[in-house]
Amino acid sequence: MKIGIVCYPTFGGSGVVATELGMALADNGHEVHFITYNQPVRLDFLSHKLHFHRVIIEEYPLFQYQPYELALSSKMVEVVEKYQLEVLHVHYAIPHAYAAFMAKQMLLEKGIHIKVVTTLHGTDITLVGSHPTYKTAVEFSINNSDVVTAVSNNLKQTTNQLFNIKKDIKVVYNFIDIEKYNIAEEQECKRDALAKPNERILTHISNFRPVKRVEDVIKIFYEVQKEIPSKLLMIGEGPEREKAEVLAKKLGIKDKVFFLGNSTEIAKILCYSDVFLLPSQTESFGLAALEAMAAKTAIISTNTGGLPEVNIHGETGYLSNLGDVADMAKNAISILKDDVTLERFKQNAKDHTKRFSIKNILPVYEDIYKSCYKNK
Ligand code: GMT
């Protein structure tokens, strides 16, 4: 098949999922065309099966806001026509589903029929999309996509609660290429560089936006390190990073907390990790937690959004109420306190990722694309 993928090319989960999906589809023989404003960060090679088309935004001083949707939909039309694409798979409703609808209409004028698959990722629904500023356009774009998928049951439910959705949303879980994490564990893991043999390593990865509650991460670690010799790795960049650094300093633990910035080598970093902290206000899925689990890391998270579908309470880690730092710290300590318990949680976490293996999820997306063909 010839598939166009539209996504945010950044470190955010939706861009990561879109990129990993595109690369896996290309590996499976499909021709994949990424259409976005930068080469996606995880797209580390291009080939005759894997193309990247940059959406170029002309800066014009008249505009306070440059019209990205116009440039994007024009690019979609150009690429679909030139490469005879059959499906456009857009990740994150805003503004991708809206731009895809426009592209579809423009192509129809030329006698070209393209199908649009929209995958909802979370903040496009929960935090941004349902705001009155965008709601009408988001609802319209969802209802006018040919197929709509959501990355968890919780996100499907939330979408149906917040919008008047007229079509059935299919749940297709996020996925992971487990092999990548096995290789990193076997070949690259140099744990000694970061911690002494008796120390545990806790990790947090995010875009450091307010929804991630990174100060809670520091507060949880503060309690943990009082009882368990440990280090905390903070990976990512974003607006709340400075607050977290200031808090670590204020609590006198800055020598135990390493802010490592953004990384494209997540599997290599996670192989050091014993416990992953994700105290988010909400997560439609929590891809970062799944990646940590694939690297054999237990999860301490909130019980919000789709997290209970990924992190199984008492098995792969623990779930706590939003903001209950004391409970999250207590749970982390109970996992880290002895080697046998820690190994059990870590192994459970690793085993649980099998149900999210790319081997299971890729055929689901392929069937969705095929169903579009049938209905042409
Ligand atoms: O979490 C973010 O702020 C980034 C955001 C995105 O769209 O890139 O992540 C969302 O999509 C991910 C991939 O499906 C999910 O794993 C994240 O849980 C979801 N984030 C939220 O719902 C806050």
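**Student:** Teacher, can you tell me more about the overall build of the protein chain here?
**Tutor:** Along the protein chain, the regular secondary structure elements total 14 helices and 13 strands. Its C-alpha atoms give the protein chain a radius of gyration of 21 Å, near enough to 21 Å, the size a compact globule of 376 residues would have. Principal-axis analysis of the C-alpha atoms places the extent of the protein chain at approximately 70 × 45 × 35 Å. Counting every position in the protein chain, which comprises 376 residues, the buried fraction comes to 56%. When contacts within the protein chain are restricted to residue pairs at least 6 apart in sequence, long-range pairs at least 24 apart make up 69% of them. If you sum the accessible surface of the protein chain, you get close to 16,400 Å²; carbon and sulfur atoms cover 50% of it.

**Student:** Sorry, what's going on with the site of the ligand here?
**Tutor:** Contacts to the ligand come from 17 residues, most closely from Ser14, His121, Asn207, Lys212 and Glu283. Between the ligand and the protein, one listed contact pairs an oxygen atom with a side-chain N or O atom of His121 at 2.6 Å. Contact distances for the ligand include 2.6 Å between an oxygen atom and a side-chain N or O atom of Lys212. Coverage of the ligand by the protein amounts to 94% of the 480 Å² it exposes when considered alone. Split into classes, the residues belonging to the shell around the ligand amount to 4 nonpolar, 11 polar and 2 charged.

**Student:** Looking at this structure, how should I read the state of the cysteines?
**Tutor:** Formally, a disulfide is one covalent bond, and it connects the sulfur atom of one cysteine to the sulfur atom of another. By the definition in use, this model includes 0 disulfides. Here Cys7 is not cross-linked by a disulfide; its sulfur's nearest cysteine counterpart is in Cys372, at 18 Å. The class of Cys372 is buried, set by a relative accessible area of 3%.

Cut-off values and rules
Residues numbered from 1 in each chain as written. Predicted model: local features only at pLDDT ≥ 70, side-chain atom pairs only at ≥ 80, totals over all residues. Heavy atoms only, no water. Helix = DSSP H or I, 4+ residues; strand = E, 2+ residues; numbered from the N terminus. Rg over C-alpha atoms; globule rule 2.2 N^0.38 Å. Buried < 20%, exposed > 50% of the residue type's maximum accessible area, 1.4 Å probe, protein only. Contact = heavy atoms within 4.5 Å. Areas by Shrake-Rupley, 256 points an atom, 1.4 Å probe, with all protein chains shown as cover. Near = heavy atom within 4 Å. Polar contact = N/O pair within 3.5 Å; in protein donor to acceptor, adjacent residues only side chain to side chain. Nonpolar A, V, L, I, M, F, W, Y, C, P; charged D, E, K, R; others polar. Disulfide = S-S within 2.5 Å.

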